[in-house]
Amino acid sequence: MSFSTEIKEELCELQNASACCKKAEALGMLIFGRAFSLTEISFMTELNCVAARYCSLIYDLVGVQPVISYSKAGNHKVRIDTAEERKKVLNFFGYTGKELSLSINFGNFENSDEEENCCYAAFVRGAFLICGNITNPEKEYHLEFNISRIKLAAEFITVLKEINLNMKTLTRNSTQLIYCKESETIEDCLGKIGATKSFFFLMETRAIKQVKNKINR
């Protein structure tokens, strides 16, 4: 099992502290999926827990039950089947589905806890479940989000800055790669999105590496 998979499984066990955070996390999962429009709302994942969390959030918030099917490779294909249901989901998050360019609707972030910017962190958690990846820190420090739309990537950087996470952007094969190779920032990100177990594992791994480097010198 990859380190990213372990983190996502850990995150899927979390309970959102407030309704506003549940809404923000759901938006993060929806907006970075395969499609979020009147004609299609869908995404694909290898992980059953991520598919189940997506379905649970949408049903709890909007009363719409997404449908899960499976690709030949065994991946979970999650979609909202009817136009009426898609419209209901879009309207709940403040969209019409006819937007010329998909963007983050910041009106969904209530941030009841202003000090922690809880909704921004919940949104990043949702994004990580859909398009995030972290390399095992025993090998190297690398966190990335793969985002297909330039505008969304730029707005996502703004969200990250709201919770004091500074990352870089790189264009690779028409995809915007938002990434970080600094262990402290990756630790902060894991802590903020609620991956406490993985946060402490990364801290311990970094401490062991530092000791080994001192010995080698």
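Before reading further, recall that the structure is shown in the block above.
The text that follows walks through the structure, step by step, so that each part is easy to find. Since the structure is predicted, the reported quantities are computational estimates derived from the model, not experimental observations. (Residues numbered from 1 in each chain as written. Predicted model: local features only at pLDDT ≥ 70, side-chain atom pairs only at ≥ 80, totals over all residues. Heavy atoms only, no water.)

A look at the overall build of the protein chain
Here comes step 1: Secondary structure assignment for the protein chain yields eight helices and eight strands.
Here comes step 2: The C-alpha extent of the protein chain, read off along each of the three principal axes, is 65 × 40 × 35 Å.
Here comes step 3: Considering the protein chain as a whole, with its 217 residues, one finds that 51% of them fall into the buried category.
Here comes step 4: If you take every contact in the protein chain between residues at least 6 apart in sequence, the share linking residues at least 24 apart comes to 66%.
Here comes step 5: Between the centroid of the 27 positive side chains of the protein chain and the centroid of its 27 negative side chains there is a distance of 6 Å. (Helix = DSSP H or I, 4+ residues; strand = E, 2+ residues; numbered from the N terminus. Buried < 20%, exposed > 50% of the residue type's maximum accessible area, 1.4 Å probe, protein only. Contact = heavy atoms within 4.5 Å. Lys, Arg positive; Asp, Glu negative; His and termini not counted. Charge placed at Lys NZ, Arg CZ, Asp CG, Glu CD.)

As for helix H6 (residues 150-162)
Here comes step 1: With 13 residues, H6 should reach 18 Å at 1.5 Å per residue; the first-to-last C-alpha distance of 19 Å fits that figure.
Here comes step 2: Of all the residues in H6, the buried ones are Leu152, Ala153, Glu155, Phe156, Ile157, Val159 and Leu160.
Here comes step 3: Next to the buried residues of H6 lie helix H2 (19-31), helix H5 (118-131), strand E6 (143-147), strand E7 (168-172) and strand E8 (175-180).
Here comes step 4: The first or second residue beyond H6 is Asn164, which carries a positive phi of 60°. (Expected span 1.5 Å × (residues − 1).)

What about the sheet that holds strand E1 (residues 35-36)?
Here comes step 1: If you walk across this open sheet you meet the four strands as E1-E2-E4-E3, and the pairing is antiparallel. Strands with a single pairing partner mark the edges of an open sheet, and in this sheet they are E1 and strand E3 (67-70).
Here comes step 2: The sheet contact formed by E1 and strand E2 (residues 41-45) spans two bridges and is antiparallel. Considered in E2, the bridge of Phe36 is made with Ile41.
Here comes step 3: The sheet strands contacting helix H3 (residues 48-62) are E2, E3 and strand E4 (76-79), and the helix crosses E2 at an angle near 155°. (Pairing = 2+ DSSP bridges. Axes fitted to C-alpha atoms, helices over the stretch in contact; angles between N-to-C directions.)

Quick word on H3
Here comes step 1: Here H3 spans 21 Å end to end across 15 residues, near enough to the 21 Å set by a 1.5 Å rise per residue.
Here comes step 2: Within H3 the residues assigned to the buried category are Val50, Ala51, Arg53, Tyr54, Cys55, Leu57, Ile58, Leu61 and Val62.
Here comes step 3: Gly63 occupies a position one or two residues after H3 and carries a positive phi of about 80°.

Remarks on the sheet that holds strand E5 (residues 132-134)
Here comes step 1: A sheet is described by the order of its strands in space; here four strands give the open sequence E5-E6-E8-E7, paired in antiparallel fashion. In this open sheet, the two edge strands, each paired with only one partner strand, are E5 and E7. Each strand axis lies, on average, 25° off the axis of its neighbour in the sheet, ignoring direction.
Here comes step 2: The sheet contact formed by E7 and E8 spans five bridges and is antiparallel.

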